[in-house]
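Listed below, chain by chain, are the residues.
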Amino acid sequence: MYKPSNYNFIWPLEESKNVLVFNSLTTRLAEIQGGFMHLLSSQQVDLGGLSAAEKSLAGEFIKDGFLIDESTDELKVIKYTSASQKYNKDVLSLTIAPTLGCNLQCPYCYQGRKQAGFMPEEVQEAILAYVAQSVRRVDRLLITWFGGEPLLAKDIIYRLSGAINDLAGKSGCSHKAFMVTNGTLFDKNSILRLKDFGIRNFQITLDGPPGIHNNRRVMGQNGDGQDCFEIILSNIKDLIRNEMNVHIRVNIDDENIGSIEDLLDILESKGLKNVNIYPARVMPYTDACKSIENSCLNQKEFARTGAKFYEMLLRKGFKTDYSSIYPKRRSNYCCADQINSFSIDPDGFIYKCWSDYGIKENNVGNIIDLSLGKKLKTGHIAWLTWDPFDFNQCRKCKVLPLCMGGCPNAGMKVNGGRPECSEIRFNLETIVKNHYRCIKIKEYCKMAAGT
């Protein structure tokens, strides 16, 4: 006997009498005729009592997870995969901030104004010692360069990257590197050197057309009068010419929500339609950015805005075809709730979430003296035991496999100890239906071309 999955979503299609079925646990999608809906609305499905057509379709439903064995407890399956990923020690993820200083003065920055000190050699050596020990027991090493603005500390990045590459190569451990940067400090030499060290993926922020971006992401005192937007745009084009991968993040709130189309028009005119562009919600994570709290969008507002953002990308012919934002199953939310993931600041303090950089009381240890294991263990446990399964609202939610309780930092420190729903809860139907329509458009184009 079989039963419908608890994680089925069924939506009518406006353009036909068929329905769209999506399963958030398997992320499978199907279009079916309404006459077969009884297979997904019955409490039990006995294959022996079905017609040949029904049995064939039921077989597809079983394969895609729309129908499951009646003995299956899907919530336990989700718990198991969550625990397996959370406590997986095959991958080590390190976020390294060689400085918390920055050459921009963004009003919504959750780090506030940090001292522009640089990571001393003692901390660098401790990181390399930890990596040398770790690469012997992990299969993959993931490095994210962060700040402040990491490219203020180029020489430190070059030194550590070269040494980390050597350590990973000698141990047979795979190594990938990523950088979060404001994009203002690249030059021809730095692009080539970063490429040589294997740092080829970059997140860079543009918050609107020049007038809006330059007002929000202000160049520091030494950069007065410089056009931050044009500098970043030029650097993005240089990165792409050198076969680097650039992801443009657009931080959205009430102040720039109306300017997004203007930004996309500029990117289109500059030949940047093949760059991955995505929206992000501005949030008052810490006291440093409380002043912008009233301009922040709530999750429902951001969900609507995000859906419109991607519809705009699609309409204008940008690279995004909805496959990049098609809902993906999560085992856990992010690196912060994984056992083998740490963020290290310039002083060597270790955090679980990079939003805590510089807030010394939130550290869980220091890379220089890992013998202080009690604090590391205690702080670490607090993050690892943040669990959506402790909350009835999450256990009953059909979006749980896609959300896993949302951002643990927001839940633990911003949202009063309760999970904060991800925007996918509010725009799932829109995102999936638009993905479906993209598929249909591609199919039509192939038919029209006779291929």
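Check the entry above for the structure.
Residues numbered from 1 in each chain as written. Predicted model: local features only at pLDDT ≥ 70, side-chain atom pairs only at ≥ 80, totals over all residues. Heavy atoms only, no water.

(A) Focus on the nonpolar core. L94, L194, F202, L206, I248, L267 and I277 are the most contacted members of the largest nonpolar core, which totals 72 residues. Aside from chain neighbours lying at most four places away, what touches L94 is Y130, V131, L142, I143, T144, F342 and I344. (Core = buried A, V, L, I, M, F, W, Y, C linked by side-chain atoms within 4.5 Å. Buried < 20%, exposed > 50% of the residue type's maximum accessible area, 1.4 Å probe, protein only. Contact = heavy atoms within 4.5 Å.)

(B) Representation of the packing of helix α9 (residues 260-269) against helix α10 (residues 299-315) within the structure. Where α9 meets α10, the axes come as close as 11 Å, and the angle between the chain directions of the two elements is 30 degrees. When the axis of α9 is compared with that of α10, the two are roughly parallel. The element α9 and its partner α10 pack so that their crossing is right-handed. Residues I260, E261 and L264 of α9 form the contact with α10, whose participating residues are F309, M312, L313 and R315. Split by residue class, the contact of α9 with α10 holds five nonpolar, no polar and two charged. (Axes fitted to C-alpha atoms, helices over the stretch in contact; angles between N-to-C directions. Helix = DSSP H or I, 4+ residues; strand = E, 2+ residues; numbered from the N terminus. Parallel < 35°, antiparallel > 145°, perpendicular 65-115°, else oblique. Left-handed = near helix turned anticlockwise from the far one by under 90°. Nonpolar A, V, L, I, M, F, W, Y, C, P; charged D, E, K, R; others polar.)

(C) Structural context of unusual backbone geometry. With omega at 20 degrees, the peptide bond leading from G147 into G148 counts as cis. Examined against the element boundaries, G148 turns out to sit in the loop between β8 (140-145) and α5 (154-171). One non-glycine residue with positive phi stands out, namely E243, at about 65 degrees. Relative to the helices and strands, E243 resides in the loop between α8 (228-241) and β12 (245-252). A positive phi angle is found at M404, which is not glycine, with a value near 55 degrees. Here M404 lies in the loop between α13 (400-403) and α14 (408-414). Judged by its relative accessible area of 4%, M404 falls in the buried class.

(D) Spatial organisation of the pattern of salt bridges. Scanning all chains against the criterion turns up 20 salt bridges. As a salt-bridge pair, R216 and E255 come within 3.8 Å of each other at their nearest N and O atoms. Here E255 lies in the loop between β12 and α9 and R216 lies in helix α7 (residues 210-216), a separation of 39 residues in the sequence. Ionic contacts of the salt-bridge type, sharing partners, join the residues E14, E429, K433 and R437 into one network. (Salt bridge = Lys/Arg side-chain N within 4 Å of Asp/Glu carboxyl O.)

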